[in-house]
Amino acid sequence: MATRTAAARREEARYAYDAFLKECPTSQLLARISDKWVGLIVAALAQAEDDSMRYSDLGRKIPGVSQKMLTQTLRSLERDGLVTRTVTPTVPVRVDYRLTGLGSSLACLLTSVKQWAENHFDEVDAHRERHDRAAAASQA
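About the cut-offs
- Residues numbered from 1 in each chain as written.
- Predicted model: local features only at pLDDT ≥ 70, side-chain atom pairs only at ≥ 80, totals over all residues.
- Heavy atoms only, no water.
- Pairing = 2+ DSSP bridges.
- Helix = DSSP H or I, 4+ residues; strand = E, 2+ residues; numbered from the N terminus.
- Buried < 20%, exposed > 50% of the residue type's maximum accessible area, 1.4 Å probe, protein only.
- Expected span 1.5 Å × (residues − 1).
- Arc of directions from axis to C-beta.
- Contact = heavy atoms within 4.5 Å.
- Core = buried A, V, L, I, M, F, W, Y, C linked by side-chain atoms within 4.5 Å.

Q: Quick rundown of the pairing of strand E2 (residues 83-88)? Include the residues and the values.
A: Where E2 lies against strand E3 (residues 94-99), six bridges are found, and the strand directions are antiparallel. When the bridges of E3 are listed, Thr86 appears paired with Asp96.

Printed below as a string of structure tokens:
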């Protein structure tokens, strides 16, 4: 039986979608969906009352996001098929964003991560403080 080279194994893994490999396209997708702004935008759209939100409403819901970052993230989500963009020709133009079926399936996960962070922040913060105190004491 022939021995495969590391390059051949990486090439095979690329087709098997192994996100642990840097060359695998799923690694890039994982990096995209684990972005802070993606998580917050997807969670906000998932909670929208009529299943869609205007650009300005998203900006108000996520006050820390810049217009540039909101626009870039929405464009990437649209390109990936996670969000649809609907333009209504009014004065001023109305632009609405809505999760696709694919985006909704991701929203379940990202909303859970957001909820976990909100529920466990105090505990994580306490661990951080203990760790920092211990690190400072060991350096003294």
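What follows picks up the thread again.
Q: Explain the environment of Ala117 to me, using residue names and the numbers behind them.
A: Along the chain, Ala117 falls in helix H6 (residues 101-139). What makes Ala117 partly exposed here is its relative accessible area of 39%.

Q: Tell me about helix H5 (residues 67-79), residues and numbers included.
A: Given a rise of 1.5 Å per residue, 13 residues ought to cover 18 Å, and the 18 Å separating the end C-alpha atoms of H5 matches this to within 8%. By the burial criterion, the buried members of H5 are Leu70, Thr73, Leu74, Ser76 and Leu77. Axial view of H5: buried residues confined to an arc of 165°, hence all on one face. Along H5, the residues that are exposed and aim more than 90 degrees away from the buried face are Gln67, Lys68, Arg75 and Arg79. Where the residues of H5 are buried, they touch helix H2 (25-33), helix H3 (36-46), helix H4 (55-61), E2 and E3.

Q: Run through the nonpolar core, naming residues and quoting values.
A: Ranked by internal contacts, the top residues of the largest apolar core, which has 23 residues, are Ile41, Val42, Leu45, Leu58, Leu77 and Tyr97. Elements with a minimum of two residues in this core: H3, H5, E3 and H6. Examining the composition of this core, we find that six residues originate from one element, H3, more than from any other. Dropping the residues within four chain positions of it, Leu58 is found in contact with Ile41, Ala44, Leu45, Met53, Leu70, Leu74 and Tyr97.

Fair warning: the whole summary comes from geometry, so function is off the table for now.
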